[in-house]
Amino acid sequence: LENYQSKDYVFYKLSGEMMSYVNETIEVVSIGSYMKEATIKIKAPNEEVIQEGVANNYGKYAKQYETYEDYVILESSGGIDLVTGRSEHNNVYRNYKKINLEVDGDSKRIILTSLTTLASSFIEQYLSDSDINISYAKAYQNVASLLDITVDDLNIDYLDSRNGDSLKASGKISVIT
């Protein structure tokens, strides 16, 4: 920090690295079959909760948040299954959202399903050896290969799109867990 004076004004020259952050709005959809009143959390990599709220009657939650991190973790728990009307206390769905700190927010819809939860468990294992981009790509490729679906099929609303392959794969995961 250097101090420069000119008559009545003091100017400072700052040097160093600027920290990037992102300010974006995210829409989260919890799909077991849609889960209304589910608790939705947006977490930092250290699991600190950045934002928390409750999904609406259609299983959706939208919130604006800010972060300096390369990724956030989205988590849904509890809620009421819109198809059966049953309260789901033991379900937890997760997904990772990569953040591009060069762009101020790339608002998008994030899906939370048993498929993204499985991919998230792989990401968590790979993060100790790699950064988020490599971990994410490797996890999604492994889960898609394991379930014989495409990587793109992992992050879609398979109920809305009526994607039979993703729905069957999700059914396999749900039966196992």
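Just above, that's the structure.
Residues numbered from 1 in each chain as written. Predicted model: local features only at pLDDT ≥ 70, side-chain atom pairs only at ≥ 80, totals over all residues. Heavy atoms only, no water.

**Re the overall build of the protein chain**
Just so we agree on the cut-off: The numbering of helices and of strands both runs from the N terminus, where a helix is a DSSP run of H or I of at least 4 residues and a strand a run of E of at least 2. Only heavy atoms matter for contacts: two residues are in contact if any of them lie within 4.5 Å across the pair.
Helix and strand counts for the protein chain come out as 4 helices and 11 strands. Taking as baseline every contact in the protein chain between residues at least 6 positions apart, the subset at least 24 positions apart corresponds to 59%.

**Some details on the packing of helix α1 (residues 114-126) against helix α2 (residues 132-147)**
Heads up, the rule is: Axis definition: a line fit to C-alpha positions, over the contact stretch in the case of helices; interaxial angles, taken between N-to-C directions, run 0 to 180 degrees. Angles are sorted into four bins: roughly parallel if under 35 degrees, roughly antiparallel if over 145, roughly perpendicular if 65 to 115, and oblique for all others. Note on convention: the crossing is left-handed when the near helix lies turned anticlockwise from the far helix by less than a right angle, right-handed when the turn is clockwise. Three classes are used: nonpolar for Ala, Val, Leu, Ile, Met, Phe, Trp, Tyr, Cys and Pro, charged for Asp, Glu, Lys and Arg, and polar for all others, with Gly counted as polar.
For the pair α1 and α2, the least separation of the axes is 8 Å and the interaxial angle reads 135°. Comparing the axis directions of α1 and α2 gives the class oblique. As for how α1 packs across α2, the hand of that crossing is right-handed. Contacts between α1 and α2 involve L115, T116, L118, A119, F122, I123 and Y126 on the former and, on the latter, I132, S135, Y136, K138, A139, Y140, N142, V143, L146 and L147. Tallied by class, residues from the contact of α1 with α2 come to 13 nonpolar, 3 polar and 1 charged.

**Things to note about the pairing of strand β5 (residues 39-43)**
To keep things clear, this is the line we draw: Pairs of strands are assigned from DSSP output, requiring at least two bridges between the strands.
Where β5 and strand β6 (residues 49-54) come together, 5 bridges link them in antiparallel fashion. Looking at the pairing, K41 lines up with E52 of β6. Count of turn residues in the β5/β6 antiparallel hairpin: 5 residues, of which E47 carries a positive phi of about 75°. Examined bridge by bridge, β5 and strand β8 (residues 71-77) share 5 bridges and lie antiparallel to one another.

**A word on the sheet that holds β5**
With antiparallel pairing, 4 strands are arranged side by side in an open sheet as β6-β5-β8-β10. On the outer flanks of this sheet lie β6 and β10 (92-98), each paired with one strand and no other. Here the strands of the sheet are splayed against their neighbours by 15° on average, with no regard to which way each runs. In the packing of α2 onto the sheet, contacts are made with β8 and β10, and the angle to β10 comes to roughly 130°.

**A few points about the packing of aromatic side chains**
The geometry of an aromatic ring pair comes down to the distance between the two centres and the angle between the two planes. We apply this condition: Classification of ring pairs uses Phe, Tyr and Trp, with its six-membered ring standing for Trp, and accepts pairs whose centres are within 6.5 Å; under 30 degrees between planes counts as stacked, over 60 as edge-to-face, and the remaining range as tilted. Partly exposed residues are those whose accessible area sits between 20% and 50% of the maximum for their type, while under 20% is buried and over 50% is exposed, using a 1.4 Å probe and protein chains only.
Per the counting criterion, the structure on display carries 3 aromatic pairs. Residues Y71 and Y96 carry aromatic rings whose centres are separated by 5.5 Å and whose planes lie at 35° to one another, so their mutual orientation is tilted. With Y71 in strand β8 and Y96 in strand β10, this residue pair connects regions lying 25 residues apart in the sequence. Taken individually, Y71 and Y96 each receive the classification buried, so the pair is uniform in this respect. Taking 4.4 Å as the distance between ring centres and 20° as the angle between the ring planes, the aromatic pair formed by Y136 and Y140 counts as stacked. You can see Y136 and its partner Y140 sitting in helix α2, 4 residues apart, about one turn around the helix. Owing to a relative accessible area of 14%, Y136 belongs among the buried residues under this scheme. We classify Y140 as buried; its relative accessible area is 2%.

**Considerations on unusual backbone geometry**
Even without a glycine there, the phi angle at E37 is positive, about 60°. Along the chain, the position of E37 falls in the loop between β4 (35-36) and β5. Look at D148: it is not a glycine, yet its phi comes out positive at around 60°. Among the structural elements, D148 can be located in the loop between α2 and α3 (158-161). A relative accessible area of 69% means that D148 is categorised as exposed.

**Thoughts on the side chain of N95**
As a reminder, the rule being used: Here a polar contact is recorded for every N or O atom pair within 3.5 Å, except that within protein the pair must consist of a potential hydrogen donor and a potential acceptor, and residues adjacent in sequence are included only if both atoms are side-chain atoms.
Along the chain, N95 falls in strand β10. In terms of polar contacts, N95 uses its side chain to reach the backbone carbonyl oxygen of I111, at 2.8 Å.

Functional significance is not addressed by these values, which are geometric in nature.
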